[in-house]
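Residue-level listing of the chains:
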Number of protein chains: 2
Amino acid sequence: MWERSQMIVGTLPRWEAGRKARVASTLEEIAVLSGVSRSTVSRVINDDPRVSEATREHVLRVVRREGYRPNLTARGLASGRTNVIAAVIPVGFENVLSDPYFPSLLHGMATAADAQDHFLMLSLGEPGFRHTVDEIARQGVVDGVVFSASQTDDPLLSPLIATGTPVVSVGRPDDARVSFVDVDNEGSARQITSHLLRLGHRRVALIAGPSFAPAARDRSHGFRSAVASHGLRVDENLVYEGLFSEASGRAGMRALLEHRPDAVFAASDRMAAGALNEIRAAGLRVPEDIALAGFDDMPLAREMEPPLTTVRQRPERLGEAAVNLLLDLMADPNATPKRVMLPTELIVRASCGSYLNQETLSRQERGHLQ
Amino acid sequence: MWERSQMIVGTLPRWEAGRKARVASTLEEIAVLSGVSRSTVSRVINDDPRVSEATREHVLRVVRREGYRPNLTARGLASGRTNVIAAVIPVGFENVLSDPYFPSLLHGMATAADAQDHFLMLSLGEPGFRHTVDEIARQGVVDGVVFSASQTDDPLLSPLIATGTPVVSVGRPDDARVSFVDVDNEGSARQITSHLLRLGHRRVALIAGPSFAPAARDRSHGFRSAVASHGLRVDENLVYEGLFSEASGRAGMRALLEHRPDAVFAASDRMAAGALNEIRAAGLRVPEDIALAGFDDMPLAREMEPPLTTVRQRPERLGEAAVNLLLDLMADPNATPKRVMLPTELIVRASCGSYLNQETLSRQERGHLQ
DNA sequence: GCGTAATGTGGGAGCGCTCCCAGATGATCG
DNA sequence: CGATCATCTGGGAGCGCTCCCACATTACGC
């Protein structure tokens, strides 16, 4: 039921259009005003050391007085660099409701870009968009691209690589040619699974992410490796492949329950939330009957009842690292592909039934890890 | 308690750098290859009608065969337009956790921009950022700006206007010179308040947004106007000014409870969520003891217990409308400022204690509204 | 004192486009 | 059949910068 208010288009009182403040707007003008050549002004603007201190000061004074700003388009044309980098965000990113992953990622990218005097251009990897990122790259608008990996081996990536534009992926891509930043999904999954095992659980189930996603595969490997290193073998009945979504978490838990797990590691917090609902629906309790752990540490994890033990990753840091890596790559165009792994944190909360206090547990785990 | 995995920087196996596919890359080259002049190719590329059909076809064939893309930087320098618009997102936007407002807004802007062959540049309005949007505008990188109003009269806005760059604000700004898109906050607030009053509530309280935010002021006016038009006067004890946040909603509700409201309109869903918690903590029930309504219809509203009656606004539509309005303004540089009001929907859920079914209520309200 | 650097500075060419004007061609018409 | 016009095409002049090379000036060595 709803009432719809109407759309209104109106006109505001006319206002004396803000005349642009009168400013000297070209290098040439500044040159004339300060009695030097265009070249010298250019050197001053670009912090070229081959300018005498006196000249520099004088020119800078004129520049400031006139409020001069170099025209970046002209600079781009002459120098072949635009100082713009593109951020490619995958399909349907706004549907990832209540998940601040992409906003945080973007924030990190914007921060790093700004700090290094670059600009961020947003490119959505949606089907139906007319301007794909490879086209943008080929039109010379951007110097490099941060590719925020879609869940699958994205069809946008290959054409982009073919343009020769420097690319950094956020999250390990399928294509081994591209540099990337990522968290240690495998190690983190191993760590949190070990945590469950050390608490005495023996039938630890896995609600995995989709196998086409490298991050999901890595987390599954970590899980398996942890189980194996505790001298157990993985019961395939206790492994379910979901889609990272809450719904698939529920479905997974429903399937797993009949095999009576005593603990569950869900490869995303959202799947863990779904699993929790299903466990409740079955009349069981967390953590008393089944221990539960997730991955991501999104805000949701803290707010769950009970709060969720999980692995914290920091999307903002990923974004910063991606941009910094990209800028490195751009500086040295025939550098070899690089990878950067960012640290994660194991966040222990009530959902795994740890009765040890944090101090103790911390010491235990450290001991175990070395 | 946490364990920190280490940061790792590694090198990937060297890969034969993807040589750029050999492509003709300038107008001049295409001109030579197709035996016409640079000017003619330019006309073809820009859909200029003054080209014979035969020539056009021929040139287009060559263009396609060579995979030629015009260099947008050069075009920008020559034409004075870059086809780039900036989106300014206010301070701390990633902190608005679990609120998909900005992602949706950006998505809408990106969609509209792409459809009209423009690019979106992201500019964060954070203190500490080196490159403010007015500077970006003055450097000639963008043709126009969509300013996503921060809560307060943003200090970034004035310098931006002074540059003479076309600006559209999302949400009514304090400055009357700028065009904007917005939802009808006042009308929508009046409507949802009337809804509460028509359900028989007489002591309807308001948890308002911060008075420095135009949207908050408008919603408060709507509330007051509805109360007045029902022949009641506003009890100032039943009005609390919050900050749109959940915490301020709780605090507001705590203050209001002693004045025994029978209904509460919170000017944001987050404040409504806070109010709900406080009502519960006081041992009261929603909607039996106190009816509750919010504003925004964020996902949270649907998931609350009970689900929240609220006003739905669509950030994505706002983003699209803002970009479209901006492009209109850019096309006609000395147009008068314009405003566009987008429709909202009253979403009736259980929290207001409506015992009427939706059909009936809908008819009633329609009758009442005309 | 002169050669040789080192240090500053100026000017030209050119980045790849757009935009304007001039010219060529053919159609139309009194 | 020349004048007039519409239609199409070509070339020049820039847009505001960077980058390179040439030149002027001063510093330093023996």
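A quick note: this is a predicted structure, and the numbers were derived from the prediction, not measured.

**Student:** What should I look at first to understand the side chain of aspartate 269 of chain A in this one?
**Tutor:** All names here are of chain A. Topologically, aspartate 269 is positioned in helix H11 (residues 269-281). A distance of 2.7 Å separates a polar atom in the side chain of aspartate 269 from a polar atom in the side chain of threonine 310. Those residues in contact with aspartate 269 that sit more than four places away from it in its chain are Gly294, Phe295, Asp296, Asp297, Met298, Leu300, Ala301, Leu308 and Thr310.

**Student:** Explanation requested: the packing of aromatic side chains in the structure shown.
**Tutor:** Two measures describe an aromatic ring pair: the distance that separates the ring centres and the angle between the ring planes. Residue and element names in this part refer to chain A. What the rule picks out here adds up to 4 aromatic pairs over all chains. Where tyrosine 101 meets phenylalanine 102, the ring centres are 5.0 Å apart and the plane angle is 85 degrees; that geometry is what we call edge-to-face. On the accessibility criterion, tyrosine 101 (21% relative accessible area) is partly exposed. Residues phenylalanine 265 and phenylalanine 295 carry aromatic rings whose centres are separated by 6.5 Å and whose planes lie at 45 degrees to one another, so their mutual orientation is tilted. Of the two residues, phenylalanine 265 is situated in strand E9 (residues 263-266) and phenylalanine 295 in the loop between strand E10 (291-293) and helix H12 (299-303); the sequence distance between them amounts to 30 residues. Residue classification places phenylalanine 265 among the buried positions, given a relative accessible area of 0%. Here phenylalanine 295 falls in the buried class, since its relative accessible area comes to 0%.

**Student:** Which parts of the structure should I look at to understand the sheet that holds strand E10 (residues 291-293) of chain B?
**Tutor:** Residue and element names in this part refer to chain B. Spatially, E8-E7-E9-E10 is the arrangement adopted by the 4 strands of the open sheet, whose pairing is parallel. Two strands in the sheet have a free side with no partner beyond their single neighbour: strand E8 (239-241) and E10. Between one strand axis and the next, the sheet turns by 15 degrees as a mean value, whatever way the strands run. Where strand E9 (residues 263-266) meets E10, 3 bridges bridge the pair, whose relative direction is parallel. Residue phenylalanine 265 lies in a different strand from E10, and its bridge partner there is alanine 293. Where helix H9 (residues 214-229) meets the sheet, it contacts strand E7 (204-208), E8 and E9, and its direction lies at approximately 170 degrees from that of E7. Seen against the sheet, helix H11 (residues 269-281) touches E7, E9 and E10 and runs at an angle of roughly 155 degrees to E10.

**Student:** Explain the side chain of aspartate 269 of chain B here, please?
**Tutor:** Buried and unpaired, aspartate 269 of chain B has no salt bridge, with arginine 349 of chain B as the nearest side chain of opposite charge at 6.3 Å. A polar contact of 2.7 Å, which involves the side chain of aspartate 269 of chain B, links it to the backbone nitrogen of aspartate 297 of chain B.

**Student:** Even after reading the chapter, I still don't get the environment of alanine 282 of chain B, so can you show me in this structure?
**Tutor:** Within the secondary structure, alanine 282 of chain B is located in the loop between H11 and E10. Given the relative accessible area of 44%, alanine 282 of chain B is considered partly exposed.

**Student:** What is the right way to read the packing of helix H5 (residues 101-115) of chain A against helix H13 (residues 315-331) of chain A from this model?
**Tutor:** To describe two helices that pack against each other, one gives the angle between their axes and the distance between the axes. All names here are of chain A. At their nearest, the axes of H5 and H13 sit 7 Å apart, and the two run at 40 degrees to each other. The orientation of H5 relative to H13 falls into the category oblique. The handedness of the crossing between H5 and H13 is right-handed. Of the residues in H13, those touching H5 at Tyr101, Ser104, Leu105, His107, Gly108, Met109, Thr111, Ala112 and Ala113 are Pro315, Glu316, Leu318, Gly319, Glu320, Val323 and Asn324. Classifying every residue of the contact of H5 with H13 by side-chain character gives 8 nonpolar, 6 polar and 2 charged.

Definitions and cut-offs
- Residues numbered from 1 in each chain as written.
- Chains lettered and ligands numbered in written order.
- Predicted model: local features only at pLDDT ≥ 70, side-chain atom pairs only at ≥ 80, totals over all residues.
- Heavy atoms only, no water.
- Helix = DSSP H or I, 4+ residues; strand = E, 2+ residues; numbered from the N terminus.
- Polar contact = N/O pair within 3.5 Å; in protein donor to acceptor, adjacent residues only side chain to side chain.
- Contact = heavy atoms within 4.5 Å.
- Phe/Tyr/Trp six-rings, centres within 6.5 Å; stacked < 30°, edge-to-face > 60°.
- Buried < 20%, exposed > 50% of the residue type's maximum accessible area, 1.4 Å probe, protein only.
- Pairing = 2+ DSSP bridges.
- Axes fitted to C-alpha atoms, helices over the stretch in contact; angles between N-to-C directions.
- Lys, Arg positive; Asp, Glu negative; His and termini not counted.
- Salt bridge = Lys/Arg side-chain N within 4 Å of Asp/Glu carboxyl O.
- Parallel < 35°, antiparallel > 145°, perpendicular 65-115°, else oblique.
- Left-handed = near helix turned anticlockwise from the far one by under 90°.
- Nonpolar A, V, L, I, M, F, W, Y, C, P; charged D, E, K, R; others polar.

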